[in-house]
Amino acid sequence: MTGLGTIVNCAAVVIGAVIGLIFKRVLKERFCELITQSMGLAVIFIGAAGGVGRIIELNKAENGTVQIVLMVLAFALGSFLGELINIQKLTERFGSWLKIKTNSENDGGFISGFVSASLTICVGAMAVIGPIQDALSHDYSTLFTKAVLDLVIIMVMASAMGKGTAFSVIPLAVVQGSITLIAKLVEPFLTDAAVSSISFVGSMMIFCVGVNLMFDKKIRVANMLPTIIFAVAFSFLPI
């Protein structure tokens, strides 16, 4: 069944959020703060592992230095475009709309929880590769693994940041569902180099999400999302 992986992934996020919200009711504020920091630390290491792993691979490649420079350029161009569009603001506006619709006006952490959780589970190699495998070969293993990881991540984030994290299931369904639907159309363009490039920049953005959580920074990670477009485009250059 095409799309089963994303369905299971979304269900896991909802379950994780429910469990986390139950725990939040019995946790004091200082525990929530520490949990948020520990979650940030974990996300940093997840992002760093993917990014460093790719850097090591590129350093061994004959044209590795050129590819690294191209990824840096992709980040510069992608971040400029994202800032121009201001994707972060659009995401926060959607979070504000959800906040009103769910009668959560008194929840000060709703929007930040929604944005942080959405970026954590929607940006990364597994969120891209998993739906592609789902569509092209009905291989759900990657998304089933991601479902378990997301359940734990959202459970912890919900216990620390509130119910805004639960609504990250909406962008998750849209992003992974869209990738699954269009995978057949773009199959000829999904080279190993393109997928590796997506994985690389995705890991770096996950790292930034972790920094935001760990150190209470305000890196506008959503505005970096167009980097993926440039990274894929550069992967087709004859170098």
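Here, the structure is the one placed above.
Residues numbered from 1 in each chain as written. Predicted model: local features only at pLDDT ≥ 70, side-chain atom pairs only at ≥ 80, totals over all residues. Heavy atoms only, no water.

Considering the overall build of the chain
Alright, step 1. Helix and strand content of the chain: 10 helices and zero strands.
Alright, step 2. When the helices and strands of the chain are listed from N to C terminus, the series reads α-α-α-α-α-α-α-α-α-α.
Alright, step 3. For 239 residues, the compact-globule estimate of 2.2 N^0.38 gives 18 Å, and the chain sits close to it at 18 Å.
Alright, step 4. For the chain, contacts bridging at least 24 residues in sequence account for 80% of all contacts bridging at least 6.
Alright, step 5. Here the chain has roughly 12,100 Å² of accessible surface; of this, 70% comes from carbon and sulfur atoms. (Helix = DSSP H or I, 4+ residues; strand = E, 2+ residues; numbered from the N terminus. Rg over C-alpha atoms; globule rule 2.2 N^0.38 Å. Contact = heavy atoms within 4.5 Å. Areas by Shrake-Rupley, 256 points an atom, 1.4 Å probe, with all protein chains shown as cover.)

A closer look at helix H1 (residues 4–24)
Alright, step 1. With 21 residues, H1 should cover 30 Å at 1.5 Å per step; its first-to-last C-alpha distance of 30 Å lies within 8% of that length.
Alright, step 2. Gly5, Thr6, Asn9, Cys10, Ala12, Val13, Gly16, Ala17 and Gly20 are the residues of H1 that are buried. An end-on view of H1 places all buried positions within 160 degrees of arc, on one side of the element. (Expected span 1.5 Å × (residues − 1). Buried < 20%, exposed > 50% of the residue type's maximum accessible area, 1.4 Å probe, protein only. Arc of directions from axis to C-beta.)

With respect to the packing of aromatic side chains
Alright, step 1. In total, this model carries five aromatic pairs according to the counting rule given.
Alright, step 2. Aromatic pair Phe94 and Trp97: ring centres 5.9 Å apart, planes at 15 degrees, arrangement stacked. Of this pair, Phe94 and Trp97 both sit in helix H4 (residues 87–101), three residues apart, roughly one helical turn.
Alright, step 3. One aromatic cluster in this structure is built from Phe94, Trp97 and Phe114. (Phe/Tyr/Trp six-rings, centres within 6.5 Å; stacked < 30°, edge-to-face > 60°.)

A closer look at helix H5 (residues 110–122)
Alright, step 1. The terminal C-alpha atoms of H5, which comprises 13 residues, lie 18 Å apart, in line with the 18 Å expected from a rise of 1.5 Å per residue.
Alright, step 2. For H5, the tally of buried residues reaches 11 of 13 residues, placing the bulk of the element in the interior.

A short note on the side chain of Asp134
Alright, step 1. Assignment of secondary structure puts Asp134 in helix H6 (residues 125–137).
Alright, step 2. If sequence neighbours within four positions are ignored, Asp134 has contacts with Met1, Thr2, Gly3, Leu4, Gly5, Thr6, Asp139, Tyr140 and Leu143.

Details of the packing of H5 against helix H9 (residues 192–215)
Alright, step 1. Between H5 and H9, whose axes approach to 9 Å, the crossing angle comes to 150 degrees. Classed by the angle they form, the pair H5 and H9 counts as roughly antiparallel. As for the relative orientation of H5 and H9, their crossing is left-handed in sense. In this structure, H5 uses Ser116, Leu119 and Thr120 to contact H9, whose residues at the interface are Ile206, Val209 and Leu213. (Axes fitted to C-alpha atoms, helices over the stretch in contact; angles between N-to-C directions. Parallel < 35°, antiparallel > 145°, perpendicular 65-115°, else oblique. Left-handed = near helix turned anticlockwise from the far one by under 90°.)

Focus: the environment of Leu21
Alright, step 1. Residue position: Leu21 is located in helix H1.
Alright, step 2. Overall, Leu21 belongs to the partly exposed group, its relative accessible area being 25%.

Thoughts on the nonpolar core
Alright, step 1. Membership of the largest hydrophobic core comes to 39 residues, with the highest contact counts inside it found for Leu119, Met157 and Met205.
Alright, step 2. In this view, Leu119 contacts Val209, Val221 and Ala222; residues no more than four positions away in its chain are not counted. (Core = buried A, V, L, I, M, F, W, Y, C linked by side-chain atoms within 4.5 Å.)

Observations concerning the pattern of salt bridges
Alright, step 1. Under the counting rule described, the total for this entry stands at three salt bridges.
Alright, step 2. A salt bridge links Arg54 to Glu57; the shortest N-O distance between them is 3.0 Å. Taken together, the residues Arg54 and Glu57, both in helix H2 (residues 29–60) and three residues apart, mark about one turn of the helix.
Alright, step 3. Using a relative accessible area of 15% as the deciding quantity, one classes Arg54 as buried.
Alright, step 4. By relative accessible area, which is 47% here, Glu57 ends up partly exposed. (Salt bridge = Lys/Arg side-chain N within 4 Å of Asp/Glu carboxyl O.)

Concerning the environment of Asn212
Alright, step 1. Along the chain, Asn212 turns up in helix H9.
Alright, step 2. Note: C-alpha distance between Asn212 and Gly95 (117 residues apart in sequence) is 17 Å.
Alright, step 3. Residues contacting Asn212, with those up to four places away along its chain left out, are Lys217, Lys218, Ile219 and Val221.
Alright, step 4. From its side chain, Asn212 meets the backbone nitrogen of Ile219 in a polar contact 2.9 Å long. (Polar contact = N/O pair within 3.5 Å; in protein donor to acceptor, adjacent residues only side chain to side chain.)

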